[in-house]
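Per-entry structural report
Residues per chain are reported as follows:
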Amino acid sequence: MPILLQINITANWGSTGKIAESIGLAAKKQGWESYIAYGRWNNPSQSYLIKVGNKLDMFIHYGQQRIFDNEGLGSSVPTRKLIKLIKEIKPDLVQLHNLHDHYLNYHLLFEYLNQTGIKVVWTFHDFWAITGHCMHFVSIDCDRYKTGCYDCPMRNVYPKTLFDRSKKNWKLKKHLFIANNSLTIIPVSEWVGEQVRKSFLKHKRIQVIPNGIDTSVFKPTFFSDIPVLSPQLLLFQTLTNDKFVIMSVASQWKFEKGLDDYKAMSAILKEDEVIVLVGVDDDLIAELPLNIIGIKRITNAPELAVLYTRADVVTVLSSAETFGLTVVEGYACGTPAVVYNNTAPPLLIESGTGYVVENKNYQLAYSAIQKIKKNGKQYYTDNCIRAAKEKYNKDECFKKYLNLYEQLINE
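Just so it is clear, the model here is predicted, and its values are computed rather than measured.

1. Details of the packing of helix H1 (residues 14-29) against helix H14 (residues 394-410)
Two numbers describe how H1 lies on H14: the axes approach to 9 Å, and their chain directions differ by 65 degrees. Of the possible angle classes, the one that applies to H1 and H14 is roughly perpendicular. Crossing geometry of H1 relative to H14 is assigned as right-handed. Seen from H1, the contacting residues are Ile-19, Ser-22, Ile-23, Ala-26 and Ala-27; seen from H14, they are Lys-394, Phe-398, Tyr-401, Leu-402 and Tyr-405.

2. Some words on unusual backbone geometry
Excluding glycine, a negative phi dihedral is what most residues carry, and trans is how most peptide bonds are arranged. Unusually for a residue other than glycine, Trp-41 sits at a positive phi of about 65 degrees. Despite not being glycine, Asp-242 shows a phi value in the positive range, around 65 degrees. Residue Asp-242 is classed as exposed on the basis of its relative accessible area of 68%.

3. So, the pairing of strand E11 (residues 313-316)
Neither face of E11 is exposed, since Val-313 and Thr-315 on one face and Val-314 and Val-316 on the opposite face are all buried. Here two bridges tie strand E8 (residues 244-249) to E11, and the two strands are oriented parallel to one another. Bridge assignment links Met-247 to a residue of E11, and that residue is Val-314. In the classification by handedness, the crossover that spans E11, the intervening helix H11 (residues 325-332) and the parallel strand E12 (residues 337-340) is right-handed.

4. Observations regarding the packing of aromatic side chains
Per the stated rule, a full pass over the model turns up 21 aromatic pairs. Considering the side-chain rings of Phe-110 and Trp-122, the 5.5 Å spacing of their centres and the 35 degrees angle between planes classify their relative orientation as tilted. One end of the pair, Phe-110, is in helix H4 (residues 106-113); the other, Trp-122, is in strand E5 (residues 119-124), with twelve residues separating them in the sequence. The same class applies to Phe-110 and to Trp-122, which are both buried. Linked through ring pairs, Tyr-106, Phe-110, Trp-122, Phe-124, Trp-128 and Phe-177 together constitute an aromatic cluster. Above the face of the Trp-128 ring, Lys-173 is positioned so that its terminal group lies 3.7 Å from the ring centre.

5. Some remarks on empty space enclosed by the protein
All told, the structure shown has three cavities of 30 Å³ or more when counted by the stated rule. Taken as a whole, the largest cavity encloses approximately 100 Å³ of empty space. Around the largest cavity, the lining comprises 14 residues; the ones closest to its centre are Thr-131, Cys-134, Cys-142, Cys-149 and Cys-152. In the lining of the largest cavity, the residues fall into ten nonpolar, three polar and one charged. Lining the second largest cavity are His-97, Asn-98, Leu-99, His-100, Trp-122, Thr-123, Phe-124, His-125, Asp-126, Trp-128 and Ala-129. In terms of residue class, the lining of the second largest cavity is built from five nonpolar, five polar and one charged.

Here is what the cut-offs are and how they apply
- Residues numbered from 1 in each chain as written.
- Predicted model: local features only at pLDDT ≥ 70, side-chain atom pairs only at ≥ 80, totals over all residues.
- Heavy atoms only, no water.
- Axes fitted to C-alpha atoms, helices over the stretch in contact; angles between N-to-C directions.
- Helix = DSSP H or I, 4+ residues; strand = E, 2+ residues; numbered from the N terminus.
- Parallel < 35°, antiparallel > 145°, perpendicular 65-115°, else oblique.
- Left-handed = near helix turned anticlockwise from the far one by under 90°.
- Contact = heavy atoms within 4.5 Å.
- Buried < 20%, exposed > 50% of the residue type's maximum accessible area, 1.4 Å probe, protein only.
- Pairing = 2+ DSSP bridges.
- Right-handed = clockwise from strand over helix to strand, strands pointing away.
- Phe/Tyr/Trp six-rings, centres within 6.5 Å; stacked < 30°, edge-to-face > 60°.
- Lys NZ or Arg CZ within 6 Å of the ring centre and 35° of its normal.
- 1 Å grid on protein atoms, 1.4 Å probe; cavity = no way out; pocket = protein on both sides within 12 Å on 5 of 7 lines; lining within 4 Å.
- Points joined across faces, edges and corners; volume = space filled by probe spheres on them.
- Nonpolar A, V, L, I, M, F, W, Y, C, P; charged D, E, K, R; others polar.

Pasting the structure below:
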């Protein structure tokens, strides 16, 4: 029985954690034994879970990173314990996801992996692995990752730090990651793949596999389909009654998610229109204009499907998207999308599923929204659902991982 070990910051929690869980389930169906090592935040899993470190380890790592810009270079003791477990488990393949976020020492991990014959697959959900500091560089049009990071202009953005070690970080990552002869990179979109091919990993094996969604959960779902509405859904139902709903969903509303553009757009909305931002915190809710409704983060997928179904259009006015999962989730619920012409989301738009507009032009985005309003949501629904089922069904997407795994261990 082949053995799969995945490493991620979360286990069956959040987007990357759920992706890891789905890959584990797909592996088990194919006769694999599945383990997931994680830093924090988890839900019950069908895989064997391995906790890496504790809260104290995390806070120490976080404190070091805030001063010395050494994200991913703390947590030495927890990482050595993980390596000891890897030696005991003897996985045939290690699947990496997000190694950053103060829980793991990538230097120690790759020093070990580089000495073994274990196949390594790394899914790039962001760009941290190929930069000296940041996860997303597009919002400031930075291309230093191509030839060597230095004097990082994103030093005050996650992960914030006092000193700048970006030059050393970039060189260390390049040295460690290139040295792994068994490394395969999985960009989650063709756009991410384009950026990886411009980095120091351009000569590695690169295979694009898009994120998949559960189309048995994300489907047209109505308030009446939920036995007991949560306070969030009740609030949403009340405030959007008889309104044309322009919705956007994010796990964290940082500056690059387009918050300023939504605020600007709110000034030109008609009386029967409302913007709904999902995933906001209490502080942000308090400062939003009256015609922007803030909904706290919803982790229950069926409830989120209700929001997508009720929305008339899903929008992505972000400048830092490696895939655009909310567009696909909206499609599966029959809702078209409007996105800016940057990063990965434009690749998701097909004929009859929505519109792509000029980057950072909220007025053009609003004009595209008016097209959808004029045509009516139903004009797009069938095309949206078909695109979600044919291209982004999780079973088909994660089957590609298993096909790759089998190919790698048989080589």
